[in-house]
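Descriptive analysis of the structure
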Amino acid sequence: MRLLASKMKTVQLPDGEPRKLSGLGQGTWRMGENKNARAYEVAALRLGIDLGMTLIVTAEMYGDGEAEKVVADAINGQRDRVFVVTKVYPHNASRTKMPKACDRSLKRLRIEVIDLYLLHWPGDIPLAETIEAFEQLRSAGKIRRWGGSNFDLDDMKELFAIENGNQCATNQILYNLQHRQIEFDLLPWCEKNKIPIMAYSPVGHGRGLVENATLKKIAKRHNATCRAEASREGWTPAQIALAWVLRQPNVIAIPKASNEKHVRENAGSVEVKLTNEDLAELDDTFPPPKSKRPLPML
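Below is a short write-up of the structure. (Residues numbered from 1 in each chain as written. Predicted model: local features only at pLDDT ≥ 70, side-chain atom pairs only at ≥ 80, totals over all residues. Heavy atoms only, no water.)

**Overview of the pattern of salt bridges**
Working definition: two side chains of opposite charge can pair if their charged atoms are close together. Per the counting criterion, the structure on display carries 23 salt bridges. The residue Arg144 makes a salt bridge to Asp115 at a minimum N-O spacing of 2.5 Å. Within this pair, whereas Arg144 is found in the loop between α5 (127–139) and β7 (146–149), its partner Asp115 is found in the loop between α4 (98–109) and β6 (116–119), the two being separated by 29 residues in sequence. Given a relative accessible area of 2%, Asp115 falls into the buried group. Between Arg180 and Glu183 there is a salt bridge, and its shortest N-O distance comes to 3.0 Å. What makes Glu183 buried here is its relative accessible area of 17%. (Salt bridge = Lys/Arg side-chain N within 4 Å of Asp/Glu carboxyl O. Helix = DSSP H or I, 4+ residues; strand = E, 2+ residues; numbered from the N terminus. Buried < 20%, exposed > 50% of the residue type's maximum accessible area, 1.4 Å probe, protein only.)

**Some details on helix α2 (residues 38–50)**
Because an α-helix packs 3.6 residues into every turn, residues spaced three or four apart end up facing the same way. With 13 residues, α2 extends 19 Å from end C-alpha to end C-alpha; this agrees with the ideal 18 Å at 1.5 Å per step. By the burial criterion, the buried members of α2 are Arg38, Glu41, Val42, Ala44, Leu45, Leu47, Gly48 and Ile49. In this structure, the buried side of α2 is in contact with β3 (26–27), β4 (55–57), α3 (66–75) and α10 (260–268). Residue Gly52 follows α2 closely and has a positive phi angle near 105 degrees. (Expected span 1.5 Å × (residues − 1). Contact = heavy atoms within 4.5 Å.)

**Details of the pairing of strand β8 (residues 171–174)**
The side-chain alternation of β8 yields two buried faces, one formed by Asn171 and Ile173 and the other by Gln172 and Leu174. Across two bridges, β7 lies against β8 in parallel orientation. Residue pairing across strands places Ser149 opposite Gln172, the latter belonging to β8. Between the parallel pair β7 and β8, the chain is carried across by helix α6 (residues 153–160), and the sense of this crossover is right-handed. For β8 and strand β9 (residues 197–200), the ladder comprises four bridges, and the chain directions are parallel. In the sheet register, Leu174 faces β9, and the bridge partner there is Tyr200. Once you follow β8 into helix α7 (residues 186–192) and on to β9, the crossover reads as right-handed. (Pairing = 2+ DSSP bridges. Right-handed = clockwise from strand over helix to strand, strands pointing away.)

**With respect to the sheet that holds β8**
Here we have eight strands laid out as an open sheet, ordered β3-β4-β5-β6-β7-β8-β9-β10, and parallel in their pairing. At either end of the open sheet lies a strand with only one pairing partner, and these are β3 and β10 (251–254). Both β6 and β7 contribute to a ladder of three bridges, which runs parallel. Across the sheet, residue Leu119 finds its bridge partner in β7, namely Gly148.

**Examining the layout of surface pockets**
The computed volume of the largest pocket comes to approximately 890 Å³. Take the lining of the largest pocket: its biggest share by element is four residues, from α10. Per-class residue counts for the lining of the largest pocket are 16 nonpolar, 15 polar and eight charged. (1 Å grid on protein atoms, 1.4 Å probe; cavity = no way out; pocket = protein on both sides within 12 Å on 5 of 7 lines; lining within 4 Å. Points joined across faces, edges and corners; volume = space filled by probe spheres on them. Nonpolar A, V, L, I, M, F, W, Y, C, P; charged D, E, K, R; others polar.)

**What about the environment of Leu13?**
Note that Leu13 resides in the loop between β1 (10–11) and β2 (21–22). Take Leu13: its relative accessible area is 3%, and that puts it in the buried class. Expressed as a C-alpha distance, the spacing of Leu13 and Asn250, which sit 237 residues apart in the sequence, is 9.5 Å. With near-sequence residues (within four places) excluded, Leu13 lies in contact with Leu21, Phe83, Arg145 and Ala169.

**Some points on the packing of aromatic side chains**
Centre distance and the angle of the planes are the two values used to describe a pair of aromatic rings. All told, the structure shown has five aromatic pairs when counted by the stated rule. Between Tyr117 and Phe134 the ring centres are 5.9 Å apart and the planes differ by 80 degrees, which places this aromatic pair in the edge-to-face class. Linking Tyr117 in strand β6 with Phe134 in helix α5, this pair joins segments that are 17 residues apart in sequence. Each of the two residues, Tyr117 as well as Phe134, counts as buried. (Phe/Tyr/Trp six-rings, centres within 6.5 Å; stacked < 30°, edge-to-face > 60°.)

**Things to note about the side chain of Arg145**
Mapped onto the secondary structure, Arg145 falls in the loop between α5 and β7. Using a relative accessible area of 4% as the deciding quantity, one classes Arg145 as buried. Reaching out from Arg145, the side chain makes a polar contact with the backbone oxygen of Asp115 at a distance of 3.1 Å. Not counting chain neighbours up to four residues away, the residues in contact with Arg145 comprise Leu13, Asp15, Glu17, Phe83, Asp115, Leu116, Tyr117, Arg138 and Ala169. (Polar contact = N/O pair within 3.5 Å; in protein donor to acceptor, adjacent residues only side chain to side chain.)

**So, the packing of α3 against α4**
With their axes 7 Å apart at the nearest point, α3 and α4 run at an angle of 45 degrees to one another. The orientation of α3 with respect to α4, classified from their angle, is oblique. Residues Glu68, Lys69, Val71, Ala72 and Ile75 of α3 form the contact with α4, whose participating residues are Ser105, Arg108 and Leu109. Here the residues of the contact of α3 with α4 sort into four nonpolar, one polar and three charged. (Axes fitted to C-alpha atoms, helices over the stretch in contact; angles between N-to-C directions. Parallel < 35°, antiparallel > 145°, perpendicular 65-115°, else oblique.)

**Regarding unusual backbone geometry**
The backbone phi angle of Arg110 is positive, close to 60 degrees, even though this residue is not glycine. By secondary structure assignment, the location of Arg110 is in the loop between α4 and β6. With a phi close to 70 degrees, Asn164 is a non-glycine residue in the positive phi region. Locating Asn164 in the fold gives a position in the loop between α6 and β8.

See the structure below:
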């Protein structure tokens, strides 16, 4: 476990926080929805922490708050090891509702401060009011920093044009081989402005991506090398997909895994080294965008 943790990619926050984030984190979408699965979900998150995936992302929306309770159980007794991210509904992002929503999340998470609080997606409440609410929570010591989720380039530019908008710490976006829209303009803009991207669903939604023939071919090629070197059992298509996302220095991948097998599989992706041949084949199968496309959201 310590070996994988020592190889974990890290990403620097724009506020210069000395503690860098693990470049491979853990998502919690759909967790907390089945009480019978609670123990397995908690165990999976705890294993992920031990393997170096110390960034955990949740939201008040997930399981109507139950996912935050799963996270609370997982980080119990090891809060200082974990960077906790949760998200607020757009309809709760006002100066009057956000403090109450934040308090509810803090209570469910059983922590005193949220490391990073995100607006789940842009809504009807003016961004200026949302930023004001974020800054008030930060001044009150209830959150350490804030950011956005599902913000396209126009949203980010609008955000940065508002007072304190440049305090945004990250943008959480759908990003994987099947969804490369952000590469056309949003990703370069975020890199220029030193805003890390958090990539959700980095191995796709469902099994479509991991069943792709090109990913299987690349995994098989790497497995042949592994067997020749007798270094490990081999790679999987999911690990190839994750390694592709992780190759970007300013991108954090937050896959979700509800069982220990998948957690170990995700953690092992940090050891995958894609070659130029691999990357060229992936570009052929999943071409990068040549024009602006609508930003998808799951």
